[in-house]
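Given next are the chains, with one letter for each unit.
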Amino acid sequence: MCSLPVPREPLRRVAVTGGTHGNEMSGICLAQHWLQAPAELQRPSFSAVPVLANPAAIAGCRRYVDHDLNRTFTSCFLNSRPTPDDPYEVTRARELNQLLGPKASGRAFDFVLDLHNTTANVGTCLISKSSHEVFAMHLCRHLQLQYPELSCQVFLYQRSGEESYNLDSVAKNGLGLELGPQPQGVLRADIFSRMRTLVATVLDFIELFNQGTAFPAFEMEAYRPVGVVDFPRTEAGNLAGTVHPQLQDRDFQPLQPGAPIFQMFSGEDLLYEGESTVYPVFINEAAYYEKGVAFVQTEKFTFTVPAMPAPIPAPSPAS
């Protein structure tokens, strides 16, 4: 069963959000540009709306002010009674939920594309909640076919029984676009250009769907989290080592039992002691140091994505 119905009507209300994290510059600069020159986001059947998601964090060129905005779109935060002491991002999440949602309602936007950068070497990473997001999976497949040289990897973040928490989850359909490596607070021309091209292709795919294209079923390969690994630390909590050179920059590559994962400051190597092969992602991500995460362990799996029929045209207004 799909967590959301496959869209049966054309997608008309589309948003592209940048700056969910205020130091991820590609999406910020693109959204700022499109707010002044929106023609690039227009298609014959819809016009996407650019949104700067976290203005206060953007102004300070920091990931967030009080709380990670991209972990704040849960019912606990969105539906709780507002107070003057609420963290800035909780208040902002409620504002975005009203603008783009409300979450899980018929009034929500049809599609939200959320733009991110990472310091990790993930290349072009497509982030969705789960394999049940049929429209998002067809979109991911389209991007993979259009850009085979980018090796677009699909990361499905939602664990079984876990509520979705990221910004694009307020819409009926959504996708996170994560490009790296790019340092925080830095804009690289190559990453910026790649993101701009990918956004255009996403909008072109929505237009293709809106114009009556049906898409057949296919087999999809993706990665889902099975755990996280912290850095080795001293009793005081300080780093005792760092990511091993043989693991650094090998996001989405297999990690075998016995392979080195950390190089201790004392000189020895710390080895991966798991019993099975995993695929580390977000290796040495700068934003995850505070979360106690050196890398995320994922497993690779294959699943069938059902066919997506053409939408039913909206009825013409009565003359």
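The rules we used
Going along each chain's sequence as written, the residues are numbered from 1 onward. Selection of residues for local features in this predicted model requires a pLDDT of at least 70, selection of side-chain atom pairs for listing and counting requires 80 or more, and totals for whole chains, interfaces and linings are taken over all residues. Note that water and hydrogens are dropped before the side-chain values are worked out from all heavy atoms of the structure. UniProt positions are given in the numbering used here, feature names are shortened, and annotations may be inferred rather than shown by experiment. Pairing of aromatic rings covers Phe, Tyr and Trp, the last counted by its six-membered ring, and requires centre-to-centre distances within 6.5 Å; plane angles under 30 degrees mean stacked, over 60 mean edge-to-face, and any other angle means tilted. Only runs of H or I of at least four residues qualify as helices and only runs of E of at least two qualify as strands under DSSP, and these elements are numbered from the N terminus. Per-residue accessibility, obtained with a 1.4 Å probe over protein chains only, is compared with the maximum for each type, and a residue is labelled buried under 20%, exposed over 50%, and partly exposed between these values. In this scheme, the term charge over a ring applies when either NZ of a lysine or CZ of an arginine sits within 6 Å of the ring centre and within 35 degrees of the ring normal. Here a strand pair is declared whenever DSSP counts at least two bridges between the two strands. Where helices are involved, their axes are fitted lines through C-alpha atoms of the stretch in contact, as for all axes, and angles between N-to-C directions lie from 0 to 180°. Oblique is the label for every angle not falling under 35 degrees (roughly parallel), over 145 degrees (roughly antiparallel), or within 65 to 115 degrees (roughly perpendicular). Handedness of a crossing follows from how the near helix is turned relative to the far one, being left-handed for an anticlockwise turn of less than a right angle and right-handed for a clockwise one. Every residue pair with non-hydrogen atoms within 4.5 Å of one another is taken to be in contact. We call Asp, Glu, Lys and Arg charged. Ala, Val, Leu, Ile, Met, Phe, Trp, Tyr, Cys and Pro are nonpolar, and the rest, Gly among them, are polar. Remark: nonpolar core denotes a set of buried residues (Ala, Val, Leu, Ile, Met, Phe, Trp, Tyr, Cys) joined through side-chain atoms within 4.5 Å. Charge assignment: positive for Lys and Arg, negative for Asp and Glu; neither His nor the chain ends contribute. We define a salt bridge as a side-chain nitrogen of Lys or Arg found within 4 Å of a carboxyl oxygen belonging to Asp or Glu. Whenever two N or O atoms come within 3.5 Å, that pair is a polar contact, provided that in protein one can donate a hydrogen and the other can accept it, and provided that, for residues adjacent in sequence, both atoms are side-chain atoms.

As annotated in an unreviewed UniProt entry, the protein is N-acyl-aromatic-L-amino acid amidohydrolase from Pongo abelii. Listed under Sequence similarities (unreviewed entry) in UniProt, the entry text for the protein is "Belongs to the AspA/AstE family. Aspartoacylase subfamily."

Novice: Sorry if this is basic, but what is going on with the packing of aromatic side chains here?
Specialist: In this description, an aromatic ring pair is defined by two values, namely the gap between the centres and the angle between the planes. The final tally for this structure, using the stated rule, is 13 aromatic pairs. Judged by centre distance (4.9 Å) and plane angle (40°), the rings of Phe-205 and Phe-215 are tilted. Of this pair, Phe-205 sits in helix α6 (residues 189-210) while Phe-215 is found in the loop between α6 and β9 (218-229), placing the two residues 10 residues apart along the sequence. Residues Phe-205 and Phe-215 agree in their burial class; the two are buried. Between Arg-224 and the ring centre of Phe-301, over which it is positioned, the NZ or CZ distance is 3.7 Å.

Novice: Help me understand the UniProt feature "domain: Succinylglutamate desuccinylase/Aspartoacylase catalytic" (unreviewed entry) in the protein, please; the structure alone is not making it clear to me.
Specialist: Here, the residues flagged by UniProt with the feature "domain: Succinylglutamate desuccinylase/Aspartoacylase catalytic" (unreviewed entry) are residues 11-206. The span residues 11-206 carries 34% helix and 19% strand; its end-to-end C-alpha distance comes to 7 Å.

Novice: Honestly, the pairing of strand β11 (residues 260-264) in this entry has me stumped. Any pointers?
Specialist: Sheet faces and side chains relate simply in a regular strand, where the side chains alternate between the two faces. The buried fraction of β11 amounts to 4 of the 5 residues, a majority that puts the element mostly inside the structure. Bridge analysis of strand β10 (residues 241-243) against β11 gives 3 bridges, and the strand direction is antiparallel. Bridging from a neighbouring strand, Gly-241 pairs with Met-264 of β11. Of the strand pairs in this sheet, β11 and strand β12 (residues 269-271) are connected by 3 bridges, and their pairing is antiparallel. Note that in β12 the partner of Phe-262 across the bridge is Leu-270.

Novice: Please explain the sheet that holds β10 as it appears in this structure.
Specialist: One key point about sheets: their strands pair by backbone hydrogen bonds, in either a parallel or an antiparallel sense. The sheet built from 3 strands is open, its strands ordered β10-β11-β12 with antiparallel pairing. Each having just a single partner strand, β10 and β12 make up the two edges of the open sheet. Between one strand axis and the next, the sheet turns by 30° as a mean value, whatever way the strands run.

Novice: Where do I start with the packing of helix α1 (residues 25-36) against α6 in this structure?
Specialist: Between two packed helices, what matters for the description is the angle formed by their axes and the separation of those axes. Viewed as axis vectors pointing N to C, α1 and α6 meet at an angle of 60°, and their least axial separation amounts to 9 Å. One way to sum up the angle between α1 and α6 is to call them oblique. In this structure, the crossing between α1 and α6 has a hand that is right-handed. For the pair α1 and α6, contact is made by Ser-26, Gly-27, Cys-29, Leu-30, His-33 and Trp-34 and by Ile-191, Phe-192, Met-195, Arg-196 and Val-199, respectively. Split by residue class, the contact of α1 with α6 holds 7 nonpolar, 3 polar and 1 charged.

Novice: What am I meant to see in the nonpolar core here?
Specialist: Across soluble globular proteins, nonpolar side chains have a tendency to be buried as a group. One finds Phe-111, Leu-115, Leu-175, Leu-177 and Val-199 to be the most contacted residues of the largest nonpolar core, which totals 49 residues. The dominant element in this core, judged by the number of residues it contributes, is α6, at 10 residues. Sequence-distant contacts of Leu-177, defined by excluding residues within four places in its chain, comprise Leu-113, Asp-114, Leu-115, His-116, Thr-124, Cys-125, Leu-126, Met-195, Leu-198 and Val-199. Grouped together as the second largest cluster of nonpolar side chains are 16 residues, Phe-252, Tyr-279, Phe-282 and Val-296 included.

Novice: What is the right way to read the side chain of Asp-251 from this model?
Specialist: Structurally, Asp-251 can be placed in the loop between β10 and β11. For the buried residue Asp-251, which engages in no salt bridge, the nearest side chain bearing the opposite charge is Arg-250, 8.9 Å off. A polar contact is formed between the side chain of Asp-251 and the backbone nitrogen of Phe-282, at a distance of 2.8 Å. Contacts of Asp-251, omitting those with residues within four sequence positions, involve Ala-120, Asn-121, Val-122, Pro-280, Val-281, Phe-282 and Ile-283.

Novice: Quick question: what am I supposed to make of the UniProt feature "domain: AstE/AspA barrel-sandwich hybrid" (unreviewed entry) in the protein here?
Specialist: The sites that carry the UniProt feature "domain: AstE/AspA barrel-sandwich hybrid" (unreviewed entry) are, in the present numbering, residues 219-300. Annotated as 0% helix and 38% strand, the span residues 219-300 places its first and last C-alpha atoms 13 Å apart.

Novice: Quick question: what am I supposed to make of the pattern of salt bridges here?
Specialist: When the charged atoms of two side chains lie near each other, side chains of opposite charge can form a pair. Counting across every chain of the model gives 13 salt bridges. In this structure, Arg-43 engages Asp-204 in a salt bridge whose closest nitrogen and oxygen atoms are separated by 2.7 Å. With a gap of 161 residues between them, Arg-43 in strand β2 (residues 42-43) and Asp-204 in helix α6 connect regions that are remote in the sequence. The exposure class of Asp-204 is partly exposed, given its relative accessible area of 40%. Measuring nitrogen to oxygen at the nearest pair gives 3.9 Å for the salt bridge that ties Lys-103 to Glu-163. Placement of Lys-103 in the loop between α4 (88-100) and β5 (111-117) and of Glu-163 in the loop between β7 (153-156) and β8 (174-180) is noted, with a sequence separation of 60 residues between them. Salt bridges linked by common partners bring Glu-24, Arg-63, Asp-68 and Lys-291 together as one network.

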